[in-house]
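Results of the structural survey
Take a look at the letters that make up each chain.
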Amino acid sequence: QVQLVESGGGLVQAGGSLRLSCAVPGRTFSTNAKGWFRQAPGKEREFVAAISGSGDFTLYANSVKGRFTISRDNAKNTVYLQMNSLTHEDTAVYFCAAKSSSVVASRNLGWDYWGQGTQVTVSS
């Protein structure tokens with residue numbers, strides 16, 4: 001099946017920044033709605049951010065508003081998550097996801113395709 005590939009995770013100091021990338025090989029899914037989720041140890045997977053196929057609509061979890069920015073480059077079939085002012089609470093495995101259409105509609109429903117995850121660790 002279609003595989004989304006996350007990259008850019010790593011270890012960063014509290015207050016620092018990191019940029020994650022999510023790519024799909026080839027031209028497929030270039031305008032699908034995409035999003036980011038994360039799962040911290042011992043916690044449920046939670047929504048982080050989403051972006052519509054055209055990039056004109058975005059959603060953010062309250063916990064990351066003002067700190068994280070989701071963007072996309074459809075020519076590269078890549079979605080980014082710029083993370084600033086990181087805290088240890090942001091430590092998690094971050095997953096990229098995609099819907100089957102260009103519309104976000106729901107932040108928690110309709111995510112049909114997922115990546116393998118990339119680890120983000122923020123030292124405190």
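Keep in mind the model is a prediction, meaning the values are calculated, not measured.

Quick notes on the rules
Residues numbered from 1 in each chain as written. Predicted model: local features only at pLDDT ≥ 70, side-chain atom pairs only at ≥ 80, totals over all residues. Heavy atoms only, no water. Core = buried A, V, L, I, M, F, W, Y, C linked by side-chain atoms within 4.5 Å. Buried < 20%, exposed > 50% of the residue type's maximum accessible area, 1.4 Å probe, protein only. Helix = DSSP H or I, 4+ residues; strand = E, 2+ residues; numbered from the N terminus. Disulfide = S-S within 2.5 Å. Phe/Tyr/Trp six-rings, centres within 6.5 Å; stacked < 30°, edge-to-face > 60°.

1. Some words on the nonpolar core
Core analysis: the largest hydrophobic core is formed by 35 residues, its most contacted members being Trp36, Leu81, Met83 and Tyr94. Contributions of two or more residues to this core are made by β3 (18-23), β4 (34-39), β5 (46-51), β6 (58-60), β7 (68-73), β8 (78-83), β9 (92-98) and β11 (118-123).

2. Focus on the state of the cysteines
Inspection of every chain in the model, using the stated rule, returns one disulfide. One disulfide bridge connects Cys22 with Cys96, the sulfur atoms lying 1.9 Å from each other. Negative torsions about the S-S bond denote left-handed disulfides, and the value of about -80 degrees found for Cys22 with Cys96 makes this one left-handed. Placement of the pair is Cys22 in strand β3 and Cys96 in strand β9, with a sequence separation of 74 residues.

3. Looking at the packing of aromatic side chains
Per the stated rule, a full pass over the model turns up three aromatic pairs. Aromatic pair Phe37 and Phe47: ring centres 5.6 Å apart, planes at 80 degrees, arrangement edge-to-face. Taken together, the positions of Phe37 in strand β4 and Phe47 in strand β5 put the pair 10 residues apart, joining distant regions of the chain. Judged by its relative accessible area of 4%, Phe37 falls in the buried class. Between Phe37 and Trp114, the ring centres sit 4.9 Å apart and the planes meet at 55 degrees, which makes this aromatic pair tilted.

By themselves, these figures tell us nothing about what the structure is for.
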